[in-house]
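# Commentary on secondary and tertiary structure
Each chain, written out:
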Amino acid sequence: MNLKTSLGLFVGVLAAGVATAGDLVLSAYWQDHMVLQRGKPITVWGKDAAGRTVTIAFAGQTATAVPGADGVWETTFAEAFALSAAPQTLTVSDSAGESLELRDVLVGDVFLAAGQSNMDRTLSYKVSFQEPQGVKDFCRDDDGIRFIRIARSAEQSRIGEEQLFDLPSIKAVDDTIKYYGDGHDWAAAKGDDRNYVSSVALNFARYIRDANAARGQDVPIGIIHASSGGTAIRQWLSADVLKANGYKLEPSDGWYWNSMMAPILRAKFRAVLWYQGCSDAMMQPDEYKGLMDVLVKDRRDRWGEN
């Protein structure tokens, strides 16, 4: 799958990459080649004309939803899905006869990889950022490792403006910021696509895949890559959480929470990989530890402790 360039926004709401059939759409998080988290009831979300009945079917289960006045719908399957390395199709249809299909969907373990430039760095970016050949060889092509890269976006994000429905639009960026955040649709970590996912996250996924294989298990691994170079920990926390913990708000607080974390609040994953701190190097250790404790508790409160 190729890197997407900017397609713009449709009436200011639907970001590039959204699966759509007329009025019926899925959030851009939902695409071909994705991995769903096993062992957790999965929530699906999208938009449609108000009042229609939307039905989602996957792996022998169905779930239904009715869009509200704003058109947004979401629904959660009653039971968690079992591990499956075999590609399956997820279908979405509505009472007006519109339908969508997502193909090549796997069920395994999904990890959120977030932070700043050390998490953002890929296997290959120009000569000065090349990983050693041994690392590239270790991170060999693997259809069982899938990833989505959320586009770096805080330009339009301000305190309190959480982008709750959809991901930032995947857009063309110039070379001065390309290293810090091209977006990429769900894809297998193989061929050229490997160069759009975090090297740290890819190495982690490779170790997990190999460890499971040694136990005779074929467990697909999904990576939600959401990082941006040069960012501070407070930018990854919501303004409400910072205020609730006694922090006086600063202008950039919550920027990357609003644009890169809030859109995936409904997503299910197993754990968070967090690699950040350089931009807060002048902070006192106790102050950073306090913010880190807030971040960990917030992630567990929102997505569950695993």
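Above this text is the structure in question.
Values in this document were obtained by computation on a predicted structure and should not be read as measured data.

## Digging into helix 7 (residues 285-303)
With 19 residues, helix 7 extends 27 Å from end C-alpha to end C-alpha; this agrees with the ideal 27 Å at 1.5 Å per step. All buried positions along helix 7 are accounted for by Tyr288, Leu291, Met292, Val294, Leu295, Asp298, Arg299 and Trp303. Down the axis of helix 7, the smallest arc covering the buried residues is 160 degrees, so these residues share one side. The outward face of helix 7, more than 90 degrees from its buried face, is lined by the exposed residues Asp286, Lys297 and Asp301. Those residues of helix 7 that are buried are in contact with helix 5 (239-244), helix 6 (255-261) and strand 13 (271-275). Count one or two residues on from helix 7 and you reach Gly304, which has phi positive near 100 degrees.

## As for the pattern of salt bridges
Applying the stated criterion to the full structure yields 25 salt bridges. Residue Arg234 is joined to Asp253 by a salt bridge in which the shortest nitrogen-to-oxygen separation is 2.8 Å. Taken as a pair, Arg234 in the loop between strand 12 (221-227) and helix 5 and Asp253 in the loop between helix 5 and helix 6 lie far apart in primary sequence, 19 residues in all. A residue is classified by how much of its surface remains accessible, and Arg234, at 10% relative accessible area, is buried. The salt bridge involving Asp301 is made with Lys297; its shortest N-O contact spans 2.7 Å. Of this pair, Asp301 and Lys297 both sit in helix 7, four residues apart, roughly one helical turn. As far as burial versus exposure is concerned, Asp301 and Lys297 are alike and both exposed.

What counts as what
- Residues numbered from 1 in each chain as written.
- Predicted model: local features only at pLDDT ≥ 70, side-chain atom pairs only at ≥ 80, totals over all residues.
- Heavy atoms only, no water.
- Helix = DSSP H or I, 4+ residues; strand = E, 2+ residues; numbered from the N terminus.
- Expected span 1.5 Å × (residues − 1).
- Buried < 20%, exposed > 50% of the residue type's maximum accessible area, 1.4 Å probe, protein only.
- Arc of directions from axis to C-beta.
- Contact = heavy atoms within 4.5 Å.
- Salt bridge = Lys/Arg side-chain N within 4 Å of Asp/Glu carboxyl O.

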